[in-house]
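One-letter residues, chain by chain:
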Amino acid sequence: VEIAQIDYYKSYIDAICVISNAQLEVDTCETWTTQFYRRADGSLVRSNEAQLLPQTITIQKVNSGWFITSVQFFEAPSFCN
């Protein structure tokens, strides 16, 4: 079983760009760790070290609500420090 967890203390929003009154782009720098467990007994098999995941999330106003319409991933470190 694979379990991925975000590290909220190392993750952050790098920039928010207003494209129009109905579209935003948000650059985020998320740090994730992944653990793999044996299903039979729940023992830890492997743990990957923290991985930086830069991404740009596009949020658009559709009808009366705001929705994520796309996510673009980048090779680290990209725009992240």
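So, how was this worked out
- In every chain, residue numbers begin from 1 and rise along the written sequence.
- Residues qualify for local features only when their pLDDT is at least 70, as the model is predicted, and side-chain atom pairs are given and counted only at 80 or more; totals for whole chains, interfaces and linings, by contrast, use all residues.
- Side-chain figures throughout are based on the complete set of non-hydrogen atoms in the structure, without hydrogens or water.
- Only runs of H or I of at least four residues qualify as helices and only runs of E of at least two qualify as strands under DSSP, and these elements are numbered from the N terminus.
- Computation of the radius of gyration draws on C-alpha atoms, with the globule rule given as 2.2 Å multiplied by the number of residues to the power 0.38.
- Only protein chains enter the accessibility calculation, which uses a 1.4 Å probe; a residue is then buried when its area is under 20% of its type maximum, exposed when over 50%, and partly exposed in between.
- Residues are treated as being in contact if the distance between any of their heavy atoms lies within 4.5 Å.
- Using a 1.4 Å probe, accessible areas were evaluated by the Shrake-Rupley method; residue-level cover was limited to the displayed protein chains.
- Only a pair of cysteine sulfur atoms within 2.5 Å qualifies as a disulfide here.
- Nitrogen and oxygen atoms within 3.5 Å of one another constitute a polar contact, given that in protein one can donate a hydrogen and the other can accept it, and given that sequence-neighbouring residues count only through two side-chain atoms.

J.: I'd like a rundown of the overall build of the protein, residues and numbers included.
T.: Check the secondary structure of the protein and you find 0 helices and 5 strands. Sequence-ordered secondary structure for the protein, helices as α and strands as β, is β-β-β-β-β. In terms of overall size, the protein is more extended than a compact globule, its C-alpha atoms giving a radius of gyration of 16 Å where 81 residues would be expected to give roughly 12 Å. Dimensions of the protein, computed from the C-alpha atoms along their principal axes, are close to 50 × 30 × 20 Å. Of all 81 residues assigned to the protein, the portion counted as buried reaches 22%. Taking as baseline every contact in the protein between residues at least 6 positions apart, the subset at least 24 positions apart corresponds to 44%. Accessible surface for the protein amounts to roughly 6,000 Å². Of this, 52% is attributable to carbon and sulfur atoms.

J.: I'd love a proper account of the state of the cysteines, names of residues and values included.
T.: Considering all chains together, one arrives at 1 disulfide under this definition. At a sulfur-sulfur separation of 2.1 Å, the disulfide partner of C29 is C80. The chirality of the disulfide connecting C29 with C80 is left-handed, given an S-S dihedral of about -100°. Linking C29 in strand β3 (residues 23-37) with C80 in the segment after β5 (65-73), this pair joins segments that are 51 residues apart in sequence. No disulfide involves C17; its sulfur sits 15 Å from that of C29, the nearest cysteine.

J.: I'd like to hear about the environment of D41, residue by residue, with values.
T.: Examined against the element boundaries, D41 turns out to sit in the loop between β3 and β4 (44-62). On a C-alpha basis, the gap between D41 and I68 in space is 38 Å, while along the polypeptide they are 27 residues apart. A polar contact of 2.8 Å, which involves the side chain of D41, links it to the side chain of S43.

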